[in-house]
Structures are given as C-alpha cells and as structure tokens.
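# Observations on the three-dimensional arrangement
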Amino acid sequence: MMNTASRQQVLPVAAAVVSVVLWASAFVAIRSAGDAYSPGALALGRLLSGALALGAICVVRRVGWPPRSAWRGIVLSGVLWFGFYMVVLNWGEREVDAGTAALVVNVGPLLIALLGARLLGDPMPPRLLAGMAVSFAGAVTVGVSMSAGGGGASLLGVVLCLLAAVAYAGGVVAQKPALGEASALQVTAFGCAVGAVVCLPFAGQLVSEAARAPASATLDMVYLGVFPTALAFTTWAYALARTTASRMGATTYAVPALVVLMSWLVLGEVPGLLTLAGGALCLAGVAVSRSRARRRTRTVRTARTAVAKVAAPPRSEGASEAGSAR
C-alpha cells in the first residue's frame, strides 16, 4: 500500500494531470459549442453549469462559507479567471485560428512565473526556467504549424487572446494566497459563482440562443461547466495549494500537445510532423520543469563526506608504533 509521504507527492501530480487533460478537451468542446453560442452566452452557460455542480457538492459535503481572509483572492480570481478570461478567450477564438490562439494564450505561464516571483516570492530554479523555455518553443511550433494556411489572424483576435493570458495569470496568482485560508473546493465553488455573476449581463443572449441551439451544442456547454470548470478547476486548486504558482503554470504547457492529440482522435484533424514535434517539445519542457535535481544533492553529500575525510588529522606512524609497543 502507498504510504502517507508517497500519497502526498502523487496526489497533487495526479490532480494537475486531470486539470490539464480536461482543459485540453475544453478547446475541442468550445469549437463545437461556439457555432451556436456567442462568447458571452457560452461563458455564462458554462459557469452556471459549473456553479450548480459545485454548489450541489458543497451542500452534500456541508461546506460552509470561506473565511473573510480568503475572499479577496476568491473575488479576484473569479472576476479575472472565471469571468473575464472565459469571455475574451471565446471571443478571441472567433477572430483567430486555433494555432494563433494557443500561441498567444501560452504567454500566460511566463506571466505567472514573473508575477509569482514578484508578488508571491516563488523561487525560479534553473530547471523551471529551462523547462518553460522548451515548452514555449514547442507552443510556438504548434501555433505556427496549425496557423499555416489557416486564414491568418486579426489584430483584435491577438489582443483578445493576450488579454486572456493576462487574466489567466492574474487569476492564478490571486488564487494562490486564498488557498492558504480556504479549501480547494471553497475557492473553486465561490470563484465560479463570482464569475457567473460577472457574466450575468449575457443572460438575455444565453436564453435566446439556447432556444434555437442544437442539443449537441448545449450538451457541450454543460460538459464545459461540469468537467473542465467544476472538476478541473477544483483539482487545479488542490494541486496549486501544494506547490508554487510558477511550477503549476509550467504544467499547463502540456495542453497544446493534448489538444493536437484530441483534435486528431475526435475531429479527425491529422497533425503534421511539425505539429507533432511541437507537441513533443511541450511535453518535454513540462517534464524538465517538474523534475528535481536529485543527482546534484547526492553529489553535494558525497563531496561533503570527502572533504570531511580529508580534513580529519591523519595518525602519524610514530604514534601508531608507540601504541603498538604499549
């Protein structure tokens, strides 16, 4: 059986994997639901579905209100990440091709690292920086390969995706302190509710578009709310509470590679060699950023032992002979 120490190491990684996989699936679902729902209506429907699912869980588990000290981070993450981010990302994906959107939004993890170091005091180890550099190169490769001949990108779309990246980074950094005061479920549930309130001005669009939308698009919207929002944001918060914002941000670089794979399996979009190479770089960078310098620790211990032996005063031959004579 897995001991407590091993479980504490494995569970956050497993939670991060669940979040990344579900967020990758969201890109496929957004493309399907986006044909029937406008950006604001889709964001509101997704957040309402997620808030209902999370609210039901809170009632069953008898989860109370978060402490007052956590509300600042919850409100900021709810406004920036749950609300503003989802609207501008949905809007931006209508103005640019998928490759350009993925490329611009992947500025987010870099912003998280910078903001985390500045505001939260997150360390910036060389392996994290190297892994993020490799992953960003992979994201650029995926973006360029998917954008080739894909209709180009408008300035408005690029600006919207950049705003989404900034909102995503700000939301993650704001959420981190709140997780020290409240549980992952509380932070996610109430943050999702705040995001839904922010998107309420789109309620009229949601009602009118839902009346004529096909059932498949509505199911995609509900899926987005229950799984990539309610479940994935909760597992993300659980993992974020147990590591740094910078390291968690680097983990999301696996999303472009998974989007390529899911588009291939679900939508029948066969990726080219350049796209596959970019996806491999994304995954390799994540592996580097999540690794730890164990060999260096062992080397330091070995060196300290050797220094101790050298520093020990040697016994002279005369002293040894005297001791033998006695």
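Calculation rules
- Residues numbered from 1 in each chain as written.
- Predicted model: local features only at pLDDT ≥ 70, side-chain atom pairs only at ≥ 80, totals over all residues.
- Heavy atoms only, no water.
- Helix = DSSP H or I, 4+ residues; strand = E, 2+ residues; numbered from the N terminus.
- Areas by Shrake-Rupley, 256 points an atom, 1.4 Å probe, with all protein chains shown as cover.
- Phe/Tyr/Trp six-rings, centres within 6.5 Å; stacked < 30°, edge-to-face > 60°.
- Buried < 20%, exposed > 50% of the residue type's maximum accessible area, 1.4 Å probe, protein only.
- Lys NZ or Arg CZ within 6 Å of the ring centre and 35° of its normal.
- Core = buried A, V, L, I, M, F, W, Y, C linked by side-chain atoms within 4.5 Å.
- Contact = heavy atoms within 4.5 Å.

When helices and strands are counted, the protein chain shows 15 helices and 0 strands. Counting only carbon and sulfur atoms, one obtains 66% of the accessible surface of the protein chain, whose full area is about 16500 Å².

Turning our attention to the packing of aromatic side chains. Any pair of aromatic rings gets described here by the distance separating the centres and the angle formed by the planes. Tallied over the entire structure, the rule returns 13 aromatic pairs. Between tryptophan 23 and tryptophan 81, the aromatic rings sit 5.8 Å apart at their centres with planes inclined by 65°, giving edge-to-face as the arrangement. Here the residue tryptophan 23 occupies a position in helix H1 (residues 4-33), and tryptophan 81 occupies one in helix H3 (residues 71-95), the gap between them amounting to 58 residues. Between tryptophan 23 and phenylalanine 233, the aromatic rings sit 5.2 Å apart at their centres with planes inclined by 65°, giving edge-to-face as the arrangement. Remark: phenylalanine 233 occurs in helix H10 (residues 215-240) and tryptophan 23 occurs in helix H1; sequence separation between them is 210 residues. By the burial criterion, tryptophan 23 is buried, and phenylalanine 233 matches it. Among the aromatic side chains, those forming a connected cluster through ring pairs are Trp23, Trp81, Phe82, Tyr85, Tyr168, Phe233 and Trp236. The positively charged end of arginine 242 is found above the aromatic ring belonging to tyrosine 238, 3.7 Å away from the centroid.

Membership of the largest hydrophobic core comes to 61 residues, with the highest contact counts inside it found for Tyr37, Trp81, Tyr85, Val172 and Trp236. Per-element tally for this core: the top contributor is H10, with 10 residues. Contacts of tyrosine 85, omitting those with residues within four sequence positions, involve Leu80, Val105, Ala164, Ala167 and Tyr168. One finds Ala24, Ala113, Met132 and Leu258 within the second-largest nonpolar core, a separate group that totals 17 residues.

With that settled, consider the side chain of threonine 243. Among the structural elements, threonine 243 can be located in the loop between H10 and helix H11 (245-251). On the basis of relative accessibility, which here comes to 19%, the residue threonine 243 falls in the buried class. If sequence neighbours within four positions are ignored, threonine 243 has contacts with Lys176 and Met248.

By themselves, these observations are geometric and do not establish any function.
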